[in-house]
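Each chain, written out:
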Amino acid sequence: MTMTKRQLLMKKYVSSIALVFGLLVGATSAMASEEGGLPSAGTNVNDQASLQRGAKLFFNYCVGCHSLKYVRYSRISEDLGLSEKEVMDNLNFTGDKFGDPVISHMPEASGRQFFGKAPPDLSLEVRAKGADWVYGYLNSFYLDPSRPVGWNNAVFANASMPNPLWELQGLQTAEMKADDKDAVEKLELSQPGKLTPAQFKQATRDLTSFLEYAAEPAALQRQRYGIWVLLFLAGFTLLAYTLKKEYWKDVH
Amino acid sequence: MANVFSSIGNWVNERAPNMMPAYRKHMTEYYAPKNFNLWYYFGSLAIVVLVNQIVTGIFLTMNFKPSAAEAFNSVEYIMRDVEWGWLIRYMHSTGASLFFVVVFLHMFRGLLYGSYHKPRELVWLLGMLIFLVLMAEAFMGYVLPWGNMSFWGAKVIISLFGTIPVIGNSLVEWIMGDFLPADATINRFFALHVIALPLVLLLLVVLHIAALHEVGSNNPDGVEIKKGPKGNRWDDHKPADGIPFHPYYTVKDLFGVGFFLTIAAFIIFFVPTFGGWFLEHDNFIPANNLVTPTHIKPSWYFTPFYAILRMIPSFFGTAFWGVLGMFGAIALLFVLPWIDKGKVRSVRYRGTGYKVALFALAFSFIGLALVGAGVVGEWVQEILTPMLPPLSNAAFWKDSPFWASSTFWENLVGRLLTAMYFGYFVFLWAYTRFGWEKTKPVPDRVVYDHD
């Protein structure tokens, strides 16, 4: 009789633990999928090769205008598994020092002059907008002769930025909605680029991954340590539970 | 070794003879009812979170710069360049949210088992003061990282004081030290957040516990163990249903702490932004008084009260009523011990009306939190609009029908829930004042089904 009651109690504890974690996981996955109509970026900051490809794209196509003022070259080297020489030869084209942050050498005034607005720093772009938004944005440029620089974007209407990756993607044109001439119905590749559409998707995924890493370099560490912390705490909790059981034996 | 300890003990005892008795009074000879359940973990968990906030907060101040020009950068410096800075920061930001989770559950426990009833009104009042100071503390802490939501949140919340007749506008400038949230604002909020309010909070927590230990803890049966039979294994004159807080509840709470820390660690290490609820997307953009976030909303723990503010419309050209409603929602909790005239404490033995009303209160609180977060309007619209096809004919209404806007649904649901929240207090007063409550017999002693 005593055993069944104890088992019942144990079952209650276990099921409440399972319920709490189930709710946590459910809530987080529900929130993660909440970003409204954008295709999933499918990024993975633990894929180092993807981060390296993304970094290469960033330093070839983006850093001309955009800074990563909170990210140092030395940190990129450390986190992406690249040597100092590799970083300085392949990523740092500005002549800045290894310990310096990634600062674009385009003067802010020129940026304003060229685009009407200085290109923003991208250190925290993924944390501010979400990876899906950045990935969608990079894939949604289309030609629009009515815009000052000739480009528009289906994810961020009337963005002042031209498509820096047009050589890779090719040129997209937009078919507008029948009932709303300002909303994009769908985009079509009117002139292919150097990459196939599938390759381009992968390239922008790599680039988004790199920006996701740049937005939170600590993500690499916290996930690595997190597993051990959870295991330790689970063990501690179990131990505390048995201690409690032992002490409470004589409470009737 | 044992000799060294006992001689140190004697040395202290000779010089401070009242220290050990105080320890015994609050720990080994504080007799707590033996039938505490899951709801009784949240008091000790609140202390754990408070200690976490203070310790991680101290380390954050070592690298944080309380100025409008440097605050945002210094937070990113902590996140990236300070050794383990990201962990300290996530522990602090996650701790802030979990503080409210724990405190809300702790307060709800008080409602469930009538812990605010005589003679524990003072414990409840001190607890409510803690809640009030905690909200001020959290609000000011939220402003410090100086993200765009910090800035606009501060602007909106401080502007509430502007609705106060006559002195409102001067008061707002006095609080901010400027015409907008600015350098002076963040500097003074820093001072209040890291020293002034924590001191008050600590003092109130000490008083809260001291007041509790004067009257003794309530329990899930709402039975007064001091009035029950005397004599337990430790003392012939102490309540038979009491057990020493230490070691029984210290080991039990240790288990609770372990369980709680496991959940906290899961959030800190794997989902520190908690999908934008604990750290908002817009707060990763530096404060900018020219760019307004799409949806300005306070942190999730303020959203129930924020919803009440928004749902109460302006009358006579002033939005002051919403502000009154918002603060009234908190003020009513303060006077709950005098609204509830019921003689039975625990929900286990109270009338059905009380159970239904308490459920309605919890429902309205969670519902208002969602309304305040701005997610309810669209949900309801999506669910209900397809159910109204004959009338949603656009031609019939010339334009689209009135329920085709999410604002309509948000206001409808939000106002119903606001009425439900305030209705709890009105109902509870009438229900207990006019003797409508049919209670069940309360047992003489606590019910403890041990294994």
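Residues numbered from 1 in each chain as written. Chains lettered and ligands numbered in written order. Predicted model: local features only at pLDDT ≥ 70, side-chain atom pairs only at ≥ 80, totals over all residues. Heavy atoms only, no water.

Regarding the overall build of chain B
- For chain B, the count of helices and strands is 16 helices and two strands.
- Compactness check: chain B gives a C-alpha radius of gyration of 25 Å against a globular reference of 22 Å for 451 residues, within 12% of the reference.
- By its C-alpha atoms, chain B is 85 × 60 × 45 Å across when sized along the principal axes.
- Taken across its 451 residues, chain B has 50% of its residues classed as buried.
- For chain B, the accessible surface area stands at approximately 21,500 Å², while carbon and sulfur atoms represent 70% of it.
- If the 32 positive side-chain charges of chain B are averaged to one point and the 29 negative ones to another, these points end up 10 Å apart. (Helix = DSSP H or I, 4+ residues; strand = E, 2+ residues; numbered from the N terminus. Rg over C-alpha atoms; globule rule 2.2 N^0.38 Å. Buried < 20%, exposed > 50% of the residue type's maximum accessible area, 1.4 Å probe, protein only. Areas by Shrake-Rupley, 256 points an atom, 1.4 Å probe, with all protein chains shown as cover. Lys, Arg positive; Asp, Glu negative; His and termini not counted. Charge placed at Lys NZ, Arg CZ, Asp CG, Glu CD.)

As for the interface of chain B and chain A
- Across the contact, 44 residues belong to chain B and 48 residues belong to chain A.
- Applying the counting rule to chain B against chain A returns two salt bridges.
- In this structure, Asp81 of chain B engages Arg72 of chain A in a salt bridge whose closest nitrogen and oxygen atoms are separated by 2.8 Å.
- Taken together, the connections running from chain B to chain A amount to 17 residue pairs in polar contact (both at pLDDT 80 or more).
- If you list the elements that add at least two residues to the side of chain B that touches chain A, you get α4 (71–80), α5 (85–113) and α10 (245–270) of chain B.
- Sorting elements by how many residues they give to the side of chain B that touches chain A places α10 of chain B first, with 18 residues.
- Here the residues of the side of chain B that touches chain A are counted per class, giving 29 nonpolar, seven polar and eight charged. (Contact = heavy atoms within 4.5 Å. Salt bridge = Lys/Arg side-chain N within 4 Å of Asp/Glu carboxyl O. Polar contact = N/O pair within 3.5 Å; in protein donor to acceptor, adjacent residues only side chain to side chain. Nonpolar A, V, L, I, M, F, W, Y, C, P; charged D, E, K, R; others polar.)

So, the pattern of salt bridges
- On inspection of all chains with the given rule, the structure shows 23 salt bridges over all chains.
- Residue Asp79 of chain A pairs with Arg75 of chain A through a salt bridge whose shortest N-O separation is 2.8 Å. Of this pair, Asp79 of chain A and Arg75 of chain A are both found in helix α3 (residues 73–80), four residues apart, which corresponds to roughly one turn of the helix.
- Here Asp79 of chain A falls in the buried class, since its relative accessible area comes to 15%.
- Assessed through its relative accessible area of 14%, Arg75 of chain A is described here as buried.
- One salt bridge connects Glu29 of chain B with Arg24 of chain B, and the closest N-O pair in it is separated by 3.6 Å.

A look at unusual backbone geometry
Residues and elements named next belong to chain B.
- A cis amide bond links Lys118 to the next residue, Pro119, at an omega of 5 degrees.
- In this fold, Pro119 is placed in the loop between α5 and α6 (121–143).
- Phi is positive for Trp146, close to 60 degrees, though the residue is something other than glycine.
- As for its placement among the helices and strands, Trp146 is situated in the loop between α6 and α7 (148–160).
- For Trp146, a relative accessible area of 6% gives the class buried.
- Phi at Val166 is positive, roughly 65 degrees, even though this residue is not glycine.
- Tracing the backbone through its elements, the reader meets Val166 in the loop between α7 and α8 (168–176).
- A residue is classified by how much of its surface remains accessible, and Val166, at 86% relative accessible area, is exposed.

Topic: the nonpolar core
- With 129 residues, the main nonpolar core has Phe100, Phe131, Phe139, Phe305, Tyr354, Tyr421 and Tyr424 of chain B as its most contacted residues.
- With 14 residues, α10 of chain B is the single largest residue contributor to this core.
- Looking at which domains feed residues into this core, each of domain 1 (35–216) and domain 2 (224–252) of chain A gives three or more.
- Residues in contact with Tyr354 of chain B, not counting those within four places in the same chain, are Leu111, Tyr116, Val347, Tyr424, Phe427, Leu428, Tyr431 and Glu437 of chain B.
- The next biggest cluster of nonpolar side chains, apart from the first, holds 42 residues, and it includes Leu122, Ala159, Phe210 and Leu220 of chain A. (Core = buried A, V, L, I, M, F, W, Y, C linked by side-chain atoms within 4.5 Å. Domains from an automatic or database assignment.)

Quick word on the side chain of Arg120 of chain B
Residues and elements named next belong to chain B.
- One can find Arg120 in the loop between α5 and α6.
- Here Arg120 falls in the buried class, since its relative accessible area comes to 2%.
- A distance of 2.7 Å separates polar atoms of two side chains, one belonging to Arg120 and the other to Glu224.
- When neighbours within four sequence positions are excluded, Arg120 is seen to be in contact with Ser115, Val215, Gly216, Ser217, Asn218, Glu224 and Arg345.

Thoughts on the side chain of Thr432 of chain B
Residues and elements named next belong to chain B.
- Structurally, Thr432 is set in helix α16 (residues 406–433).
- Looking at Thr432, its side chain comes within polar contact range of the main-chain nitrogen of Lys341, at 3.0 Å.
- Discounting chain neighbours no more than four positions away, the residues touching Thr432 are Ile339, Asp340, Lys341, Gly342, Arg350 and Glu437.

As for the state of the cysteines
- For the structure on display, the rule yields zero disulfides over all chains.
- In this structure Cys62 of chain A is a free cysteine whose sulfur lies 9.0 Å from that of Cys65 of chain A, the closest cysteine sulfur available. (Disulfide = S-S within 2.5 Å.)

Comments concerning the packing of helix α11 (residues 303–311) of chain B against helix α14 (residues 352–372) of chain B
Residues and elements named next belong to chain B.
- Relative to each other, α11 and α14 sit at 70 degrees, their axes nearing to 7 Å. In this view, α11 runs roughly perpendicular relative to α14, as classed from their interaxial angle. Mapping the contact onto sequence places Thr303, Pro304, Phe305, Tyr306, Ala307, Ile308, Arg310 and Met311 in α11 and Phe365, Leu368, Ala369, Val371 and Gly372 in α14.
- Grouping the amino acids of the contact of α11 with α14 by side-chain chemistry returns ten nonpolar, two polar and one charged. (Axes fitted to C-alpha atoms, helices over the stretch in contact; angles between N-to-C directions. Parallel < 35°, antiparallel > 145°, perpendicular 65-115°, else oblique.)

Regarding the packing of α14 of chain B against α16 of chain B
Residues and elements named next belong to chain B.
- Orientation of α14 relative to α16, taken along the N-to-C sense of each, is 150 degrees, at an axis distance of 9 Å. Of the possible angle classes, the one that applies to α14 and α16 is roughly antiparallel. The handedness of the crossing between α14 and α16 comes out as left-handed. (Left-handed = near helix turned anticlockwise from the far one by under 90°.)

Brief notes about a negative patch on the surface
- On the surface, Glu175, Asp179, Asp180, Asp182 and Glu185 of chain A cluster together into a negatively charged patch.
- Here Asp179 of chain A lies in the loop between β5 (170–176) and β6 (184–192). (Patch = residues over 30% accessible without salt bridge, like charges linked within 9 Å, V, L, I, M, F, W, Y side chains within 5 Å.)

A few points about the environment of Ala136 of chain B
Residue and element names in this part refer to chain B.
- Its location among the elements puts Ala136 in helix α6.
- On the accessibility criterion, Ala136 (28% relative accessible area) is partly exposed.
- Separated by 61 residues in the primary sequence, Ala136 and Leu197 have C-alpha atoms spaced 8.0 Å apart.

Here we look at the domain arrangement of chain A
- Domain annotation of chain A identifies domain 1 (35–216) and domain 2 (224–252).
- Between domain 1 of chain A and domain 2 of chain A, the C-alpha centre-to-centre distance is 47 Å.

A few points about the packing of aromatic side chains
- All told, the structure shown has 57 aromatic pairs over all chains when counted by the stated rule.
- Judged by centre distance (5.9 Å) and plane angle (55 degrees), the rings of Trp133 of chain A and Phe156 of chain A are tilted. On the criterion of sequence distance, the pair formed by Trp133 of chain A in helix α7 (residues 131–138) and Phe156 of chain A in the loop between β4 (151–153) and α8 (166–169) is long-range, its members being 23 residues apart.
- Cluster of aromatic residues (ring-pair linked, three or more members): Phe100, Phe104, Phe131, Phe274, Phe278, Trp300, Tyr301, Phe302, Phe305 and Phe365 of chain B.
- Above the ring of Phe156 of chain A, the side-chain terminus of Lys129 of chain A is found at 5.8 Å from the ring centroid.
- Here the basic side chain of Arg224 of chain A rests over the ring of Tyr225 of chain A, its NZ or CZ set 5.7 Å away from the ring centre. (Phe/Tyr/Trp six-rings, centres within 6.5 Å; stacked < 30°, edge-to-face > 60°. Lys NZ or Arg CZ within 6 Å of the ring centre and 35° of its normal.)

Examining a positive patch on the surface
- On the surface, Lys118, Lys227, Lys341, Lys343 and Arg433 of chain B cluster together into a patch of positive charge.
- In this fold, Arg433 of chain B is placed in helix α16.

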